[in-house]
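# Residue-level structure breakdown
Okay, here's what each chain looks like letter by letter:
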Amino acid sequence: MSADAPRGSAAGPTPDAALTEVLDGGAARAAGLGADYGRLWSALTDASAGGKRFRPALVVTAHDLLGGHLPGPAARVGAAVELLHTAFVIHDDVIDGDHTRRGRPNVSGTFAAAATAAGATPRGARTYADTAGILAGDLALVAAVRAVACCGAPPATVERLLDLIDRTVHVTAAGELADVRLSLDLDDEHVPLGDVLTMCEHKTAVYSFELPLQAGAVLAGAEETVVRRLGEIGRLVGIAFQLIDDLQGVFGDEAVTGKSALTDLREGKHTPLIAHARSTQAWEAIAPFFGDPALDEARADRVRELLVDCGSRDFIEDLAAGYLDTALNVVRETGLPGEFLDGVVALTRDLLRRAA
């Protein structure tokens, strides 16, 4: 259960192969719908490339280690989870106004550049870019649901999987909406850290960790108690992952993370890092820079220094480590296979390295 590219079960395809099959099928349909739509599907395919694919790995590994006998469906559901991730990322980039991802133009950026090159006004290029991003994300969502519905598992299993997908989309949408609302700073009081952590859980933990672990368990025919416990493990690891990801959003190297280290500060994202900083005396010096759309690297570096000096960075790193330790304890208490514990340990170590 490492964050490296997922392996496939001996008797089935890999999630990568299943994902390629879905994307190739979409490309074939796009061929008859006009050049613009063909470019849209091509941009969606590009958006699905790269990354460590740990979400499909969680599906397949949970299925295998729990004694599952549905390698083909597990691979297809792993591909579906990756498509779901792609959909959320594309929509998130539209919401944030980002035109790059992993150091290259994302869907919105690709269409913005094309419109600009064709002579569109800045407003027209932005509208075209946002439209492409919304539509590409919608296409990925539909493709993910279809991949689950057609995965080849028994009907009762497919129904349980679709229930998981349905809940995941609802919870993630609520988390994304809460994230944007918090950035508006409408509340008179500072938002409590607990509320920000709940937003993180909803926005990322559910679809990145709870869903793939529980989907793998459902495919393996695991008892409902085990499915619920895996959901708890996924929740804990997912919150830790988001905490670390938020640190990368301020302290990370864009060449490594693929995301700007200015966006969260410029947009005034209410992350746990910021929630802690607001409780310190350093906030008075940080506040003038927070939410400034014109924030440059020099002033961002000053904010980073203040976040380190006031202890906010250390606090979030320790908090993430605490969530990961608790997740490992749940694995042990649940009596899951030793290999499963080894996999969680490997994943948590990889997450902690990302925070370094």
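In every chain, residue numbers begin from 1 and rise along the written sequence. The predicted origin of the model limits local features to residues at a pLDDT of at least 70 and limits the giving and counting of side-chain atom pairs to 80 or more, whereas totals for whole chains, interfaces and linings rest on all residues. By convention in this description, side-chain values take in all heavy atoms of the structure and omit both hydrogens and water.

Here we come to the overall build of the chain. Secondary structure elements follow DSSP: runs of H or I of four or more residues count as helices, runs of E of two or more count as strands, with numbering from the N terminus. When helices and strands are counted, the chain shows 16 helices and two strands. The C-alpha radius of gyration of the chain comes to 21 Å, within 12% of the 21 Å expected for a compact globule of 356 residues. Partly exposed describes any residue whose relative accessible area lies between the buried limit of under 20% and the exposed limit of over 50%, with all areas from a 1.4 Å probe on protein chains only and scaled to the type maximum. Within the chain, the proportion of its 356 residues that are buried is 52%. In this description, contact between two residues means that some pair of their heavy atoms is separated by no more than 4.5 Å. In the chain, 75% of the contacts between residues at least 6 apart in sequence involve partners at least 24 apart. Split by element, the accessible area of the chain, about 15,500 Å² in all, is 54% carbon and sulfur. For this count, His and the chain ends are skipped, Lys and Arg are scored as positive, and Asp and Glu as negative. We put the charge of a Lys on NZ, of an Arg on CZ, of an Asp on CG and of a Glu on CD. Seen as two clouds, the 32 positive and the 50 negative side-chain charges of the chain have centres 4 Å apart. Only C-alpha atoms enter the radius of gyration; for comparison, a globular chain is expected to reach 2.2 Å times N to the power 0.38, where N is the number of residues. For every accessible area listed, the method is Shrake-Rupley and the probe measures 1.4 Å; residues are considered covered only by the protein chains on display.

As a further point, take the side chain of Asn106. The topology assignment puts Asn106 in the loop between strand 2 (104-105) and helix 5 (107-117). What makes Asn106 buried here is its relative accessible area of 9%. Counting of polar contacts relies on pairs of N or O atoms within 3.5 Å, with two restrictions inside protein: one atom must be capable of donating a hydrogen and the other of accepting it, and residues adjacent in sequence are counted only when both atoms are side-chain atoms. In terms of polar contacts, Asn106 uses its side chain to reach the backbone amide nitrogen of Gly109, at 2.6 Å. Once residues within four sequence positions are removed from consideration, Asn106 is found in contact with Asp93, Asp98, His99, Thr100 and Arg101.

With that settled, consider helix 3 (residues 54-65). Here helix 3 contains twelve residues, and its C-alpha end-to-end distance of 16 Å stays within 8% of the 16 Å for a straight helix at 1.5 Å per residue. Of all the twelve residues making up helix 3, eleven are buried; the element is thus mostly covered by neighbouring parts of the structure. Buried within helix 3 are the following residues: Phe54, Arg55, Pro56, Ala57, Leu58, Val59, Val60, Thr61, Ala62, His63 and Leu65. Positive phi shows up at Gly67, right after helix 3, with a value of about 80 degrees. Multiplying 1.5 Å by the helix residue count minus one yields the expected span of that helix.

Taking 1.5 Å per residue, 23 residues should reach 33 Å; helix 15 (residues 312-334) reaches 33 Å between its end C-alpha atoms and fits that length. Burial in helix 15 covers these residues: Ser312, Ile316, Ala320, Tyr323, Leu324, Ala327, Leu328, Val330 and Val331. Following helix 15 by one or two positions, Gly335 has its phi on the positive side, about 75 degrees.

A few words now on the pattern of salt bridges. Here, a salt bridge means any Lys or Arg side-chain nitrogen found within 4 Å of an Asp or Glu carboxyl oxygen. By the definition in use, this model includes 21 salt bridges. Residues Asp93 and Arg101 are paired through a salt bridge, measuring 2.6 Å at the closest nitrogen-oxygen approach. Residues joined in a network through salt bridges with shared partners are Asp92, Asp96, Glu176, Asp179, Lys203 and Lys269.

Turning to the side chain of His270, a few remarks are in order. Looking at where His270 falls in the secondary structure, it is placed in the loop between helix 11 (263-267) and helix 12 (272-278). Of the polar contacts made by the side chain of His270, one reaches the backbone oxygen of Leu182; its length is 3.0 Å. The residues contacting His270, other than those within four sequence positions of it, are Leu182, Ser183, Asp185, Val191, Val196, Met199, Arg278 and Phe290.

This part covers the confidence of the model for the chain. Each residue carries a pLDDT score, the predictor's own confidence in it, on a scale running from 0 to 100. Of the residues in the chain, 91% reach a pLDDT of 70 or more, and the chain-wide mean stands at 87. Here helix 16 (residues 338-355) is the element of the chain with the lowest mean pLDDT, 67, and helix 6 (residues 122-149) is the one with the highest, 95. With pLDDT under 50 throughout, residues 1-10 is counted as low confidence; its partners more than four residues away or in other chains account for 32 contacts.

What follows is about the nonpolar core. Here the nonpolar core consists of buried residues drawn from Ala, Val, Leu, Ile, Met, Phe, Trp, Tyr and Cys, with membership extended through side-chain atoms lying within 4.5 Å. Counting 87 residues, the largest nonpolar core has Val77, Val107, Leu161, Ile233, Ile286, Leu307 and Phe340 as the members making the most contacts within it. A per-element tally of this core places helix 9 (residues 224-251) first, with 13 residues. Filtering out sequence-adjacent residues up to four positions away, Val77 remains in contact with Val59, Cys151, Leu161, Ala215 and Leu219. Among the nonpolar cores identified, the runner-up in size contains seven residues, and Leu182, Val191, Val196 and Met199 belong to it.

Okay, the packing of helix 1 (residues 15-30) against helix 2 (residues 35-47) next. Under this scheme, a helix contributes an axis fitted over its contacting stretch, all axes are lines through C-alpha atoms, and angles between N-to-C directions fall in the 0 to 180 degree range. Viewed as axis vectors pointing N to C, helix 1 and helix 2 meet at an angle of 170 degrees, and their least axial separation amounts to 9 Å. One element, helix 1, and the other, helix 2, form an angle in the roughly antiparallel class. The segment helix 1 lies against helix 2, with Val22, Leu23, Gly26, Ala27 and Ala30 engaging Tyr37, Gly38, Trp41 and Thr45. What sets the label is the angle itself: under 35 degrees gives roughly parallel, over 145 gives roughly antiparallel, 65 to 115 gives roughly perpendicular, and the rest give oblique.

The next point concerns the packing of aromatic side chains. How two aromatic rings sit relative to each other is given by the distance of their centres and the angle of their planes. Pairing of aromatic rings covers Phe, Tyr and Trp, the last counted by its six-membered ring, and requires centre-to-centre distances within 6.5 Å; plane angles under 30 degrees mean stacked, over 60 mean edge-to-face, and any other angle means tilted. Scanning the model with the defined rule gives six aromatic pairs in all. Between Trp283 and Phe290 the ring centres are 5.5 Å apart and the planes differ by 65 degrees, which places this aromatic pair in the edge-to-face class. The pair formed by Trp283 and Phe290 is uniform in burial state, with each residue classed as buried. Site record: aromatic cluster; members linked through ring pairs are Phe54, Phe209 and Phe241. Over the aromatic face of Phe251 sits the side chain of Arg313, whose NZ or CZ is 4.3 Å from the ring centroid. By definition, being over a ring means that NZ of Lys or CZ of Arg is both within 6 Å of the ring centre and within 35 degrees of the ring normal.

This paragraph deals with the packing of helix 4 (residues 71-96) against helix 8 (residues 193-219). Relative orientation of the contacting elements helix 4 and helix 8 amounts to 170 degrees, with a least axis distance of 10 Å. Taken together, helix 4 and helix 8 sit at an angle that is classed as roughly antiparallel. Counted together, Pro73, Ala74, Val77, Val81, Leu84, His85, Phe88 and Asp92 of helix 4 and Lys203, Tyr207, Leu211, Pro212, Ala215 and Leu219 of helix 8 form the full contact between these two elements. A class-by-class count of the residues in the contact of helix 4 with helix 8 yields eleven nonpolar, one polar and two charged. Classification used: nonpolar for Ala, Val, Leu, Ile, Met, Phe, Trp, Tyr, Cys and Pro, charged for Asp, Glu, Lys and Arg, polar for all others including Gly.

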